[in-house]
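Now for the letters of each chain:
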Amino acid sequence: MLSGSGRKKASAKTLEEQFLHELIDSSEHILFRVDFVRGGFDYISPSASALYGIPPDELYRNGLRVLLKNNFDPQGFERFQTHILELCRASPGQ
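Residues numbered from 1 in each chain as written. Predicted model: local features only at pLDDT ≥ 70, side-chain atom pairs only at ≥ 80, totals over all residues. Heavy atoms only, no water.

Under the defined criterion, the tally for this structure stands at one salt bridge. The shortest N-O distance in the salt bridge between Asp42 and Arg33 comes to 3.4 Å. Judged by its relative accessible area of 52%, Arg33 falls in the exposed class. (Salt bridge = Lys/Arg side-chain N within 4 Å of Asp/Glu carboxyl O. Buried < 20%, exposed > 50% of the residue type's maximum accessible area, 1.4 Å probe, protein only.)

Summarising the element assignment, Ile30 is placed in the loop between α1 (4-26) and β1 (32-35). Among the residues examined, Ile30 registers a relative accessible area of 26% and is labelled partly exposed. Once the C-alpha coordinates of Ile30 and Leu51 are considered, the two residues, 21 residues apart in sequence, prove to be 8.8 Å apart. Not counting the four nearest positions on each side in its chain, Ile30 is found in contact with Ile44, Ser45, Ser47, Ala48, Leu51 and Tyr52. (Helix = DSSP H or I, 4+ residues; strand = E, 2+ residues; numbered from the N terminus. Contact = heavy atoms within 4.5 Å.)

Grouped together as the largest cluster of nonpolar side chains are seven residues: Val34, Phe41, Ile44, Ala48, Ile54, Leu59 and Val66. The set of elements that each furnish at least two residues to this core consists of β2 (40-44) and α3 (56-71). (Core = buried A, V, L, I, M, F, W, Y, C linked by side-chain atoms within 4.5 Å.)

For helix α4 (residues 74-90), built from 17 residues, the straight-helix expectation of 24 Å at 1.5 Å per residue is met to within 8% by its first-to-last C-alpha distance of 24 Å. All of the buried residues along α4 are Gly76, Phe77, Ile84 and Cys88. The arc that holds the buried residues of α4, viewed along the axis, is 105°, so those residues lie on one side. Along α4, exposed side chains directed more than 90 degrees from the buried face belong to Glu78, Arg79, Arg89 and Ala90. (Expected span 1.5 Å × (residues − 1). Arc of directions from axis to C-beta.)

Our focus in this paragraph is a nonpolar patch on the surface. The grouping of Phe19, Leu20 and Leu23 at the surface amounts to a nonpolar patch, some 320 Å² of accessible area in total. By the secondary structure assignment, Leu20 is in helix α1. Given a relative accessible area of 46%, Leu20 falls into the partly exposed group. (Patch = residues over 30% accessible without salt bridge, like charges linked within 9 Å, V, L, I, M, F, W, Y side chains within 5 Å. Areas by Shrake-Rupley, 256 points an atom, 1.4 Å probe, with all protein chains shown as cover.)

That is the geometry; function is a separate question.
Shown next as structure tokens:
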């Protein structure tokens, strides 16, 4: 069981996390975190879906591929895909 100060710290952390999520979700910039093991997103901000007209579940399901393929010339896409694959292979657990 948390003491009074422990509850205050937990409550403050929850408020900070809530504020951070609200700030990120309202940003016009695309913010994301990549899961290099899976090769997809752990998180991608709602602005990506709005900007590219791609539903959020598709962005998560298809990972980086759906954004990159639509926004890179074929050679640029291949170079970037190779770079991402190298990062995935070098990540812990691979």
